[in-house]
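Each chain, written out:
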Amino acid sequence: MVFSSVTFLFFFLPAALAVYALAPRPLRNVVLLLISLVFYTWGSGAIVGVLFVSVIVDYVLGFVAAAGARLDDHRLRRLAITASVVVNLSLLAWFKYAGWLIENAADAGLYSGAAPDIVLPIGISFFTFQSMSYTIDVARGRCDHLVNPIDFALYVTLFPQLIAGPIVRYHEIEPEIRRRDLTTHHLGEGAVRFGHGLVKKLVIADTVGVVADAAFGADELTMGAAWVGALAYTMQIYFDFSGYSDMAIGLGKMFGFTIPENFARPYSAVSVTDFWRRWHITLSNWFRDYLYIPLGGGRGRPAAVYRNLMIVFLLTGLWHGANWTFVVWGIYHGGWLLLERRFGWRNVDNTGAQIARRATTLLIVVVGWVIFRADSLGAAADHLGAMVSFDDLGLGALARSTSTRAVLTLLGASLVVFLPRDAVTGPILVTDIERRGRIARTAILGVGLPFALLLAASGAFSPFLYFQF
Amino acid sequence: MARPDHRLWAVWLLGLLLVPLGLTLARVEPNALPGTTTDAPEWDAGRLLDDAYYRSIDDWIRDESNARGAGLWTRHLIDYRLFGDASSPLVAIGDNGWAFSRSWIDVPCADIDAIAAPSGSPFITWTVPIAKSHWLDHLLEPHDRGDACTESARKDLRERMTDDPRGLDVNQAFDDDAAGRFYRRDPHWNGAGRIAVAELIVERFAPGLWDPGAIVATEESLLQGMDRFLGVNDRSTVADVDVDRGITVEHVSDPVDGLGILIWQHSRAHADDVVPGTTYMFGDSQMASVVPEIEQYFEELIFVGWLRAALGPLPYDQLPAPDRVFVEALDQSAAQSFQQPVLAEVIARLPAADDEG
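Reading the values: the criteria
- Residues numbered from 1 in each chain as written.
- Chains lettered and ligands numbered in written order.
- Predicted model: local features only at pLDDT ≥ 70, side-chain atom pairs only at ≥ 80, totals over all residues.
- Helix = DSSP H or I, 4+ residues; strand = E, 2+ residues; numbered from the N terminus.
- Buried ≥ 20, exposed ≤ 12 C-beta atoms within 10 Å, placed from the backbone.
- Contact = placed C-beta atoms within 7 Å.
- Domains from an automatic or database assignment.
- Core = buried A, V, L, I, M, F, W, Y, C linked by C-beta atoms within 7 Å.

**What to know about the overall build of chain B**
Working step 1: Within chain B, the secondary structure is distributed over 11 helices and 11 strands.
Working step 2: Relative to its full complement of 357 residues, chain B shows a buried share of 39%.
Working step 3: Put simply, 69% of the contacts in chain B that link residues at least 6 apart link residues at least 24 apart.

**A closer look at the environment of serine 458 of chain A**
Residue and element names in this part refer to chain A.
Working step 1: Within the fold, serine 458 resides in helix α18 (residues 435-458).
Working step 2: Given 24 C-beta atoms within a 10 Å radius, serine 458 is considered buried.
Working step 3: Separated by 70 residues in the primary sequence, serine 458 and valine 388 have C-alpha atoms spaced 39 Å apart.

**A closer look at the domain arrangement of chain A**
Residue and element names in this part refer to chain A.
Working step 1: In terms of domain boundaries, chain A breaks down into domain 1 (6-180) and domain 2 (187-270 + 348-468).
Working step 2: In this structure, domain 1 and domain 2 have C-alpha centres spaced 28 Å apart.
Working step 3: If you look at the interface, domain 1 gives 18 residues, while domain 2 gives 19 residues.
Working step 4: Where the side of domain 1 that touches domain 2 is concerned, the elements lending two or more residues are α1 (6-22) and α7 (170-178).
Working step 5: A total of four residues in the side of domain 1 that touches domain 2 trace back to one element, the largest contributor, which is α1.

**Details of the nonpolar core**
Working step 1: If you look at the biggest cluster of nonpolar residues, it comprises 146 residues, and the most contacted ones within it are Val208, Val211, Ala215 and Ala232 of chain A.
Working step 2: Examining the composition of this core, we find that 19 residues originate from one element, helix α9 (residues 223-254) of chain A, more than from any other.
Working step 3: Apart from residues lying up to four places away in sequence, valine 208 of chain A is in contact with Ala232, Met235, Gln236, Ala406, Thr409, Leu410 and Ala413 of chain A.
Working step 4: Listed in part, the 29 residues of the second largest apolar core include Trp189, Phe282, Val290 and Val327 of chain B.

See the structure below:
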């Protein structure tokens, strides 16, 4: 189910809140688990079984990991972690990458059979990572294991963040899994964040997405159209994904959970390193804690550090999807991080060069999004080629699919790159009691939210971009 | 403790989310929307693990939501009324303000562009409205303009045609006797109507050549136009014409299962009393019925019939270059055709009126 669908907004969410509020406290986890399973099954059907496999495996391995931690038995801990990683990554490998690998093998002449028709379970990259992190954290003694299977299943399947994050690690919501309150404060705070995310998604992301789709689907592009398309996608993916994260955080808060922040004004980053501290923060933290640091992290010889960086970003790219574009996008970002570390560019300072550094970083990121968005490496090369062709600054055929509202929305959305680095809107809307926060909140929720709901009521199916990852 | 405005926003959000439910409980019916809506899915316990089943429920809920009409109208207000744009990327706004589905116009637009680009200016004929106008089924536009819009649009179009030297307003053929020139239960011109239109066209292209003596009017069919609805060939109701003038008719492209582009090519020897060169005529069933009446006046007349759907590329390699293009547009045709935005596109790309050939 999609947060921005009519079914979810006008029926599922009010019903879920009502049922949850009326449920006796001891049954609330059961009720919320059932709500989450209905939510997932609605969008995935029978493939919900894959989710069950991940849940059951890591629930059982949690006991093994806990025993290893309690007895300080290195072998038991390693067994739990290895089993969790093997099972979850196998699920991921089969459902997400098998078809792609077989296609590549066929292209290379190594395989002659037909590629299997595999349906990708929505959100598999998120829930497998979340499930794995539980077993690893228990094995490391970072948190206690869960005895109640309902509680553990709820942790993995909690519907606000189940299919597109943020990736929540168990220790972050452990107290709330065990006990939480349903309060008007949480409900209000959640409503503000949810409404903010809905406006981002429906009013901004979906509108500029039309421009991006037209540009990336065009057979030929002028230089102007190529840049407008790249900028439109840059805005679309940010407002789409950060909007989803806001909605997830808001929904979590309504049900009493504190889901971690996922974005912190990424387009104000002064370096690519800084960008990754601000973009999809929970994924960056996951790779840092469960891959980069175990590999040795930033310690050791420079060559080893560079190797670690490139491995992490190669896998970060691959995590987003089974396509060479994602692989190259990951290597592209890893390469920039490597250069920044090598030449000391990643250090953040407040000198006058900050504006130039923000602009440069943004340019690097925009070019990266072209690689990310393109259907193939060839298409990415064509688009990037058009961006430097210097032949025609006009929009060409793109003008036909660009409405005035889309243009104005794109221009307005682009102002986000000029905002102060610390102006992270979501938390400000909830916590800032000063005038600017109140004005922004009133504008977004008083005007933007009804408009967003009307757009939802009138529109067609529009999934979030990160559902595919 | 909750701040008062937090509580307010919670109430605001939940209130908004409950609006459709409240309207339903208050028995406020969903707005009448154009197009077919999704049928209510039947309860099927065997499909509870089938995601397609849930998608059909989503579609049904979306279509039946009381808020959908308001949502469509909001988008329409902003995009169309405020900015003059279509409220969906699937929709193109025609030259006269009508909205059309791009999926219908892209192929014929490209076809016409390819043919018309090297030619002179087109002559455009606006035909009389003979049915209530309404929106295309699949447009995301509300059905709220009704007859007033139709009349207004028709008036606007006729004024444009009067002012535009490229235009030929065949409404004038019906101003005096509209009732006598249509089938009674069919939205097409009858024999008398076709003859009147044919005369206007011939006089426009070749003044003085129209020969009323070549026409032998016949009586209308007893079916009074119902034959079209019944699928009966109505050629018996077509006025006889003098076809003994050296015309050859070539069927270049067959329609597939009654759909697609149908091309008739009519040729006769070059003579002083014919419109010289190659004339392309784009139209649908109205103009197709006039072809027998006018083909004798053209050295070469190629009629391209836009039938309902499944439009494919024209066989350009089989077709000669045009000397002129003649495009039919129906101001009543929003429900059944796509000519107007095509024309808007074509007009925008053609030479100015002074270049008229």
